[in-house]
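# Commentary on secondary and tertiary structure
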Amino acid sequence: MYSEKVMDHFANPRNVGELENANGIGQVGNPKCGDVMKIYMYIKDGVIQDVRFKTYGCGAAIATSSISTELVKGKTIEEALDISNRAVTEALDGLPREKLHCSVLAEEGIRSAIADYYRRQGIDPEPIMGCALNCAECH
Amino acid sequence: MSRFVYADNAATTRLSETALSAMLPWLQEGFGNPSSVYRLGRAARRALDEARETVAAAIGAKPDEIFFTGSGTEADNWAIRGVAEILGQKGRHIITTAIEHHAVDHTVKDLEKHGFDVTYLPVDEYGHISLDDLRATIRSDTILITVMFANNEIGTIYPIREIGAIARENGILFHTDAVQAVGHIPVDVTAMEIDLMSLSAHKFRGPKGIGALYVRKGVRLPSFITGGAQERGKRSGTENVAGICGMAAALEESVQTLAASSAKIEALRDKLIAGLLQIPRTQLTGDPVNRLPGSASFVFECVEGEAMILLLDAAGIAASSGSACSSGSLDPSHVLLAIGLPHEIAHGSVRLSLGEENTEADVDYILETLPNIVEKLRAMSPLWEEA
Ligand SMILES: Cc1ncc(COP(=O)(O)O)c(C=O)c1O
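Remember, it's a predicted structure, so these values are computed and weren't measured experimentally.

On to the overall build of chain A. Within chain A one finds six helices and three strands. Ordered by position in the sequence, the α and β elements of chain A form the string α-β-β-β-α-α-α-α-α. In terms of C-alpha radius of gyration, chain A reaches 14 Å, essentially the compact-globule figure of 14 Å for 139 residues. Its C-alpha atoms give chain A principal-axis dimensions of about 45 × 30 × 25 Å. The burial tally for chain A puts 55% of its 139 residues in the buried class. In chain A, 61% of the contacts between residues at least 6 apart in sequence involve partners at least 24 apart.

Take the packing of helix α8 (residues 258-276) of chain B against helix α13 (residues 360-379) of chain B next. Residue and element names in this part refer to chain B. Contact pair α8 / α13: the axes reach a minimum separation of 10 Å and the direction vectors enclose 15°. When the axes of α8 and α13 are compared, the pair comes out roughly parallel. Read as a crossing pair, α8 and α13 show a hand that is right-handed. Of α13, the residues touching α8 (which contributes Leu-268, Lys-271, Leu-272, Gly-275 and Leu-276) are Glu-360, Val-363, Asp-364, Ile-366, Leu-367, Leu-370 and Pro-371. A per-class count over the contact of α8 with α13 returns eight nonpolar, one polar and three charged.

Residues and elements named next belong to chain B. Around the ligand, the structure places 13 residues, and the nearest of them are Thr-73, Asp-177, Gln-180, Ser-200 and Lys-203. Measuring from an oxygen atom of the ligand, one finds a side-chain N or O atom of Thr-73 at 2.5 Å. Protein contacts shield 87% of the accessible area of the ligand, which totals 390 Å² for the unbound molecule. With three residues, the single largest contributor to the shell around the ligand is helix α3 (residues 72-87). Here the residues of the shell around the ligand are counted per class, giving two nonpolar, eight polar and three charged.

Taken together, the contacts link 27 residues of chain A with 22 residues of chain B. Across the chain A/chain B interface, buried area totals approximately 2000 Å², and carbon plus sulfur atoms make up 64% of it. Of all residues in chain A, the largest losses of buried area upon contact with chain B belong to Phe10(A), Lys32(A) and Tyr56(A), amounting jointly to 29% of the total for that side. On the surface where chain A and chain B come into contact, there are one salt bridge.

For the rest of this paragraph, the subject is the sheet that holds strand β3 (residues 93-97) of chain B. Residues and elements named next belong to chain B. Taking strand neighbours across the sheet as the criterion, the seven strands line up as β2-β8-β7-β6-β5-β3-β4 in an open arrangement whose pairing is mixed. Sheet topology places β2 (66-69) and β4 (117-121) at the edges, where each strand pairs with a single neighbour. Adjacent strand axes in the sheet meet at a mean angle of 20°, parallel and antiparallel pairs treated alike. Where strand β6 (residues 173-177) and strand β7 (residues 196-200) come together, three bridges link them in parallel fashion. Note on β7: the bridge partner recorded for Asp-177 is Ser-198.

Further remarks concern the pattern of salt bridges. Residues and elements named next belong to chain B. If you walk through the whole model with that rule in mind, you get 32 salt bridges over all chains. The residue Lys-113 makes a salt bridge to Asp-110 at a minimum N-O spacing of 3.6 Å. Taken together, the residues span about one helical turn, with Lys-113 and Asp-110 both in helix α4 (residues 102-113) at a distance of three residues. Within this structure, Arg-14, Arg-205, Glu-356 and Glu-357 form a network of salt bridges that share partners.

Criteria and thresholds
- Residues numbered from 1 in each chain as written.
- Chains lettered and ligands numbered in written order.
- Predicted model: local features only at pLDDT ≥ 70, side-chain atom pairs only at ≥ 80, totals over all residues.
- Heavy atoms only, no water.
- Helix = DSSP H or I, 4+ residues; strand = E, 2+ residues; numbered from the N terminus.
- Rg over C-alpha atoms; globule rule 2.2 N^0.38 Å.
- Buried < 20%, exposed > 50% of the residue type's maximum accessible area, 1.4 Å probe, protein only.
- Contact = heavy atoms within 4.5 Å.
- Axes fitted to C-alpha atoms, helices over the stretch in contact; angles between N-to-C directions.
- Parallel < 35°, antiparallel > 145°, perpendicular 65-115°, else oblique.
- Left-handed = near helix turned anticlockwise from the far one by under 90°.
- Nonpolar A, V, L, I, M, F, W, Y, C, P; charged D, E, K, R; others polar.
- Near = heavy atom within 4 Å.
- Polar contact = N/O pair within 3.5 Å; in protein donor to acceptor, adjacent residues only side chain to side chain.
- Areas by Shrake-Rupley, 256 points an atom, 1.4 Å probe, with all protein chains shown as cover.
- Buried area = accessible area lost by both parts, 1.4 Å probe.
- Salt bridge = Lys/Arg side-chain N within 4 Å of Asp/Glu carboxyl O.
- Pairing = 2+ DSSP bridges.

Given below as structure tokens:
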């Protein structure tokens, strides 16, 4: 039911762990719903220089987390904010229908880390990126 | 990665050699229709009759109390919907439990839409109902009590004899879904005062797609499928002769070897349970004592079930989980929630179910593998660091 790419990112997740010099940390999801993603970014000169993640969740949650760290690494903030849940899904060669919400989690994770970065810089993220959202409800 | 350990015998079992040999003649030269009057048909008819006797003897029933069905699910549907149809004028109240298999649970939920009133008895942390609750719930319009014999997810075995006695005293029909019990623990429909009982062959090393409903003589049930009047007019459709013969052979063998094999499987299960409970923040689910011989079910905190199942699979171990992600729904299994586990813990469930083919080496291999999987997933879980 999972593509080879999903299985690869699940079994060998990239960029797992924490980032000591992180200046943007986001956490999304809810243990009640069965997935939580925490993402650490080090942003400098408007570019995501480094990224790590930790995820509690099913195979798809871990794989979408992993691929999204690959997608944002080296990208500008604007480029990273443009990454949609669809782009995450496509990068994994698709996800089963009932797992699509995991790609939403990854998109939200990226946004939440960037919003945290803005706040730490004393910038209100809302006018730039709209609601940074952290869904309390299960998708 | 040549190693393969099948530890999902509660999901299905490997067809036994005995069952396969009992089936083959009816798939090959003995292909006749049991309703045909010529020799080829009569041979198939005789095989059916013998299979019916074998199945009946294995559960303490008489042959004419056995009706073959296409699955355990079908037997559950027939029993429950049939009683509702026949007794619906007399009463609209059905008593069941919060931990039934979907074959029962979704069936009574469907009846609720048609004006039936269903009581779902709550369960304690081991998954047990209270017999006092059951007695207190009985009303003058109660027409059916349906309680499973043993639970497929957590392995808990229910006091069926006591429940049967309560139903009989109160003149209420008693159905039990014995799909996980038959062939694994002693079952006697007469001694246990069971009126209706569902069986499924593939849980005791028979083939898939064949089951049976035991209907105590004197209990009236409507025809479930109309047509050519097979199964004494109650369940039409040309009989699955090979399936039925395979079911009977598998059941006969399981019951004959039950004492020895269950002792062996229990010993393996207990080793598995003791070993896995060494993992920190791990709980056994279900009754630690009154549980199915092969069932070892757990929750591991801060890790998600499907992720564990996939990594077990990568290591050659087949097991299952009641997490939301494994079931394709948003909530973890209703059974795990009913025993009082919070959602976030119920998502971390793994069920290992052993059968007679499992060896001590299998258990050792699981004990070498699963703790590392839990550790690996916890190391990448943001919940574990908070914990
Ligand atoms: C308790 C219980 N009831 C019913 C069923 C359904 O049986 P079948 O697969 O034959 O439809 C199962 C197995 O899936 C089960 O474990």
